[in-house]
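One letter stands for each residue in the lines below.
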Amino acid sequence: MARPETAGMVTHTCALAAGELAEIRALCELVYTDYDEDTWQHCLGGMHARVWESGHLVAHASLVLRRLRVEGRWRRCGWVESVAVHPAHRRRGHGHAVMGELEALAPGYQLLGLCSSDEGLPLFESRGWQRWRGPADALTPDGLRATPEEDTIYVKASARLDPDGPITCDWREGDVW
């Protein structure tokens, strides 16, 4: 198995050229059948980890700032978005490569979080991400709203957190989690 090409791998959104952003979006739209404008906007404004093979983008993930309320306190969270590996390039370590780069940024946050697709669960669980089992809410413009349908929230934190307690996310358009 060849090692992923990672030169220049982690870059802030503001340093990406329009063509690079278009390439990232095209990869995400290929991987996710329901990738819409709101989902695209969720992955912008933070750090992007990328992997290329033979000059082609084959993997991407981004880390953006969010606020999560855990154990009664709002915490600075690095939220993982748009983890995508090209279908023809899976099982080569690219998902681990982009996640490793984002996890290295953890000291800048009080915890890391994400919502996983069924396909992503083995990757995140193998990297030590912990499933949140407690009730989930979103702080919306109309107040607190329960989100019981959201059962794939995962966190990674340096401090011990109770995964059976309540968790609340900040508001955003589209899928709040």
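Structure report, in brief. Predicted, not measured: the structure shown is a model, and the values here were computed from it. (Residues numbered from 1 in each chain as written. Predicted model: local features only at pLDDT ≥ 70, side-chain atom pairs only at ≥ 80, totals over all residues. Heavy atoms only, no water.)

1. Some remarks on the packing of aromatic side chains
Thinking step 1. Under the criterion given, the structure shown has three aromatic pairs.
Thinking step 2. Between Phe124 and Trp129, the ring centres sit 6.4 Å apart and the planes meet at 65 degrees, which makes this aromatic pair edge-to-face. For the pair formed by Phe124 and Trp129, the shared burial category is buried.
Thinking step 3. One residue, Arg66, lies across the ring of Trp79, its end atom 5.3 Å from the ring centre. (Phe/Tyr/Trp six-rings, centres within 6.5 Å; stacked < 30°, edge-to-face > 60°. Buried < 20%, exposed > 50% of the residue type's maximum accessible area, 1.4 Å probe, protein only. Lys NZ or Arg CZ within 6 Å of the ring centre and 35° of its normal.)

2. A look at the nonpolar core
Thinking step 1. Membership of the largest hydrophobic core comes to 21 residues, with the highest contact counts inside it found for Val51, Val80, Val98, Met99, Leu114, Phe124 and Trp129.
Thinking step 2. Mapped by element, the contributors of at least two residues to this core are strand 2 (47–53), strand 3 (56–70), strand 4 (73–85), helix 3 (94–103), strand 5 (111–115) and helix 4 (121–126).
Thinking step 3. Those residues in contact with Val80 that lie beyond four places of it in its chain are Ser62, Leu63, Met99, Leu102, Gly113, Leu114 and Trp129.
Thinking step 4. By size, the runner-up hydrophobic cluster in this structure holds 16 residues, among which are Cys77, Trp79, Ile153 and Cys169. (Core = buried A, V, L, I, M, F, W, Y, C linked by side-chain atoms within 4.5 Å. Helix = DSSP H or I, 4+ residues; strand = E, 2+ residues; numbered from the N terminus. Contact = heavy atoms within 4.5 Å.)

3. Remarks on the pattern of salt bridges
Thinking step 1. Summed over all chains, the structure comprises ten salt bridges.
Thinking step 2. In this structure, the salt-bridge partner of Arg92 is Glu53, at a minimum N-O distance of 2.9 Å. Of this pair, Arg92 sits in the loop between strand 4 and helix 3 while Glu53 sits in strand 2, and the two are 39 residues apart along the sequence.
Thinking step 3. When its relative accessible area of 31% is taken as the criterion, Arg92 is described as partly exposed.
Thinking step 4. Between Glu103 and Arg127 there is a salt bridge, and its shortest N-O distance comes to 2.7 Å. Here Glu103, found in helix 3, pairs with Arg127, found in the loop between helix 4 and strand 6 (130–131); they are 24 residues apart in sequence, far enough to count as distant.
Thinking step 5. Each of Arg25, Glu29 and Glu37 takes part in one network of salt bridges that share partners. (Salt bridge = Lys/Arg side-chain N within 4 Å of Asp/Glu carboxyl O.)

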